[in-house]
Amino acid sequence: MKFSHMADLHLGGWREDTLREIGIKSFEKAVDISINENVDFILISGDLFDSSNPTIEVMASAAKKLYQLKENNIGVYVIEGSHDFSPTGRTILKVFQEAGLLKKVTSADEVDGKLRLRGVKDPKTGTLIYGVSGIRGSLEKATYDVLDRSFLEQNDDKKIFMFHSAIQELKPSSLAHIEAMPISYLPKGFFYYAGGHIHEKGEFELDNYKNVVFPGALFANNIDELLIFKGGGFYIVEFDNGVISKKYVPVKIAPVIVLEINVDGLTSFSIEENIKNDISKKDFTNSIVITKFKGKLEGNISSLNFKKINELIENKGARLVKRDTRGLVFKEFKEIKNVSFTKDKLEEDIISRHKDQVSLKGCPTETIYFVKNLMEILSKEKKEGEKKDDYNNNIIRDSIEYLRKLKLLDGLDENNLS
Ligand SMILES: [Mn+2]
């Protein structure tokens, strides 16, 4: 048996067209490699899409590739990630599932107050695949709290478990601050644990858990990931007579080159001259070049001519120039160290500082996740071609559905809510 394991593709992420396209091309390449390698099926451990509601272009590109897999009789098994999960169940994954282009492996029944996963059997190999979606925060913990683990552990067929969570014992040190669950939350005795959510790749073995694998992101999702990982990839796993072999397959569409630019005590003109000299013998063909500025700048940031600097680099063939100015120190300001907040972290900080001002009686989740999920629903952007009335109605409908799910509407007249 042979399968591919991917995670955190975030199709549709990035504001810049070039980077968004590289993300999609990475998926296309990973699918082509998987077809050439004759895999039996593909696992996608969450965050196939960057949102539950991607653009038509992104959906079309994904549909085309997923259809190609279907034609090659390669099953695609997925769980939702923190990004393509929708608190109301309205995610594009549902559409692809109905179209037969992929299969969610997370359906479950409630038996004696416990959650009993049904699992999906891959018809070609007989492998049983189970999974829990990545839901933000305590809702996910609530799922694992009621998960019927002993049911999953009772026989030792060929079983794979898919999850989209950070594991406390396996967290990379750079992510020490993020929420994580103990590995004991996962059922024991599976031959492969297909992880997602952590964008750094890693293979682990711990007590009763063998072959716990995070393939990392298929392509970087933000400037820090570009700087640290440069690119991404996925795993091809072979399982033969009880012997497992794992191969990491890097997927490179465009090389990432970091160009350090020291501005210490220099004028705008001499900075440009230095860059010109520095890159004169370099070839940036097809590359993503990150200009990483550092040093003390006389004056403010507008004294740097970014347009000119980008032109110099683009003339050397770069596909895209992206700048990182976080290492700059301005004369007027003191240096601020380690400002590397993610949008998520910032939001959470702000919400937790104000959360005591609202009281949510009977809400089954923590205020912070309630606010974040609701914000996500309310901040959905109007899609191209979507009518304003439809857009408004959809947002109202999704909000009401979410509140109803949390049983916060009990006793209220729903018709008067909008
Ligand atoms: Mn992710």
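In this text, all values refer to a predicted model and were calculated from it rather than measured experimentally. (Residues numbered from 1 in each chain as written. Predicted model: local features only at pLDDT ≥ 70, side-chain atom pairs only at ≥ 80, totals over all residues. Heavy atoms only, no water.)

Focus: the overall build of the protein chain
- A count of helical and extended segments in the protein chain gives 11 helices and 17 strands.
- In terms of overall dimensions, the protein chain is globule-like: its C-alpha atoms have a radius of gyration of 24 Å, near the 22 Å expected for 418 residues.
- Taking the principal axes of its C-alpha atoms as reference, the protein chain extends roughly 75 × 60 × 45 Å.
- Classification of the 418 residues of the protein chain by burial places 47% in the buried group.
- Of all intrachain contacts in the protein chain linking residues separated by at least 6 positions in sequence, the fraction that spans at least 24 positions is 72%.
- Here the protein chain holds 61 positive side-chain charges and 64 negative ones, and the gap between their average locations is 2 Å. (Helix = DSSP H or I, 4+ residues; strand = E, 2+ residues; numbered from the N terminus. Rg over C-alpha atoms; globule rule 2.2 N^0.38 Å. Buried < 20%, exposed > 50% of the residue type's maximum accessible area, 1.4 Å probe, protein only. Contact = heavy atoms within 4.5 Å. Lys, Arg positive; Asp, Glu negative; His and termini not counted. Charge placed at Lys NZ, Arg CZ, Asp CG, Glu CD.)

Here's the deal with empty space enclosed by the protein
- Going through the model one piece at a time under the given rule, you end up with three cavities of 30 Å³ or more.
- Here the largest cavity is characterised by a volume of approximately 60 Å³.
- What lines the largest cavity is simply Ser 52, Phe 85, Ser 86, Pro 87, Thr 88, Glu 376, Ile 377, Lys 380 and Asp 398.
- A per-class count over the lining of the largest cavity returns three nonpolar, three polar and three charged. (1 Å grid on protein atoms, 1.4 Å probe; cavity = no way out; pocket = protein on both sides within 12 Å on 5 of 7 lines; lining within 4 Å. Points joined across faces, edges and corners; volume = space filled by probe spheres on them. Nonpolar A, V, L, I, M, F, W, Y, C, P; charged D, E, K, R; others polar.)

Points about the sheet that holds strand β14 (residues 243-251)
- Sheet architecture is open: six strands sit in the order β4-β3-β2-β1-β13-β14, paired in mixed fashion. Two strands in the sheet have a free side with no partner beyond their single neighbour: β4 (103-104) and β14. (Pairing = 2+ DSSP bridges.)

Details of the layout of surface pockets
- Empty space within the second largest pocket amounts to approximately 720 Å³.
- Along its surface, the second largest pocket is lined by 27 residues, and Phe 85, Leu 115, Ile 135, Thr 143 and Lys 405 are the ones closest to its centre.
- Breaking the lining of the second largest pocket down by element, the ones donating at least two residues are β5 (108-111), β6 (114-117), β8 (128-132), α4 (138-145) and α11 (388-405).
- Each of domain 1 (2-251) and domain 3 (345-416) contributes no fewer than three residues to the lining of the second largest pocket. (Domains from an automatic or database assignment.)

Description of the coordination of the manganese ion
- Protein-derived ligands of the manganese ion are Asp 8 (OD), His 10 (NE2), Asp 47 (OD) and His 199 (NE2), with the metal-ligand distances lying across 2.1 to 2.4 Å.
- Counting residues between consecutive donors of the manganese ion along the chain gives the motif D-x1-H-x36-D-x151-H. One end of the pair, His 10, is in the loop between β1 (2-6) and α1 (17-36); the other, His 199, is in the loop between β10 (192-196) and β11 (202-206), and 189 residues separate them in sequence.
- Here His 10 falls in the buried class, since its relative accessible area comes to 6%. (Donors = N, O, S within 2.8 Å, 3.2 Å for Na, K, Ca; no water.)

Notes on the nonpolar core
- Counting residues in hydrophobic clusters, the biggest one holds 46 residues, and the most contacted among them are Leu 11, Leu 48, Phe 49, Phe 96, Phe 234 and Ile 288.
- At eight residues, the largest contribution of residues to this core is made by α1.
- When we break this core down by domain, the ones giving at least three residues each are domain 1 (2-251) and domain 2 (256-330).
- With near-sequence residues (within four places) excluded, Leu 48 lies in contact with Leu 9, His 10, Leu 11, Phe 27, Asp 84, Leu 93 and Leu 102. (Core = buried A, V, L, I, M, F, W, Y, C linked by side-chain atoms within 4.5 Å.)

Quick notes on the packing of α1 against helix α2 (residues 56-71)
- The interhelical angle for the contact between α1 and α2, taken along N-to-C directions, is 0°, at an axis separation of 10 Å. It follows from the interaxial angle that α1 and α2 lie roughly parallel. When α1 is examined against α2, the residues Ile 24, Phe 27, Glu 28, Val 31, Asp 32 and Ile 35 are found in contact with a partner set consisting of Val 58, Ser 61, Ala 62, Lys 65, Leu 66, Gln 68 and Leu 69.
- Across the contact of α1 with α2, the residue classes break down as eight nonpolar, two polar and three charged. (Axes fitted to C-alpha atoms, helices over the stretch in contact; angles between N-to-C directions. Parallel < 35°, antiparallel > 145°, perpendicular 65-115°, else oblique.)

Remarks on the pairing of strand β16 (residues 288-297)
- Buried residues dominate β16, accounting for seven of its 10 residues.
- Crossover connection from strand β15 (residues 256-262) via helix α7 (residues 268-279) to parallel β16: handedness right-handed.
- A crossover links β16 with its parallel partner strand β17 (residues 320-330), the connecting element being helix α8 (residues 306-314), and its sense is right-handed. (Right-handed = clockwise from strand over helix to strand, strands pointing away.)

Remarks on the domain arrangement of the protein chain
- You can read the domains of the protein chain as domain 1 (2-251), domain 2 (256-330) and domain 3 (345-416).
- Between the C-alpha centres of domain 1 and domain 3 there is a distance of 27 Å.
- Taken together, the 14 residues of domain 1 in the interface contact 15 residues of domain 3.
- Where domain 1 abuts domain 3, roughly 1500 Å² becomes buried across the two surfaces, and 47% of that area is made up of carbon and sulfur atoms.
- Broken down residue by residue, the surface that domain 1 buries against domain 3 is led by Pro 87, Arg 90 and Arg 136, which jointly contribute 41%.
- Here domain 1 and domain 3 share two salt bridges between them.
- Close ionic contact of Glu 401 with Arg 90 constitutes a salt bridge, the shortest N to O distance being 2.8 Å.
- The interface formed by domain 1 and domain 3 includes one residue pair in polar contact (both at pLDDT 80 or more). (Buried area = accessible area lost by both parts, 1.4 Å probe. Salt bridge = Lys/Arg side-chain N within 4 Å of Asp/Glu carboxyl O. Polar contact = N/O pair within 3.5 Å; in protein donor to acceptor, adjacent residues only side chain to side chain.)

Re α7
- With 12 residues, α7 extends 17 Å between its outermost C-alpha atoms, agreeing within 8% with the 16 Å of an ideal straight helix rising 1.5 Å per residue.
- Listed in full, the buried residues belonging to α7 are Ile 271, Glu 272, Ile 275 and Ile 279. Projected down its long axis, α7 shows its buried positions confined to an angular sector of 95°, all on one face. Exposed positions of α7 whose direction lies more than 90 degrees from the buried face are Phe 269 and Asn 277.
- Of the surrounding elements, those touching the buried residues of α7 are β15, β16 and α8. (Expected span 1.5 Å × (residues − 1). Arc of directions from axis to C-beta.)

Here we look at the packing of α7 against α8
- For the pair α7 and α8, interaxial distance at closest approach is 10 Å and the crossing angle is 10°. Considering their axes alone, α7 and α8 lie roughly parallel with respect to each other. Contacts between α7 and α8 involve Glu 272, Ile 275, Lys 276 and Ile 279 from the former and Lys 308, Ile 309, Leu 312 and Ile 313 from the latter.

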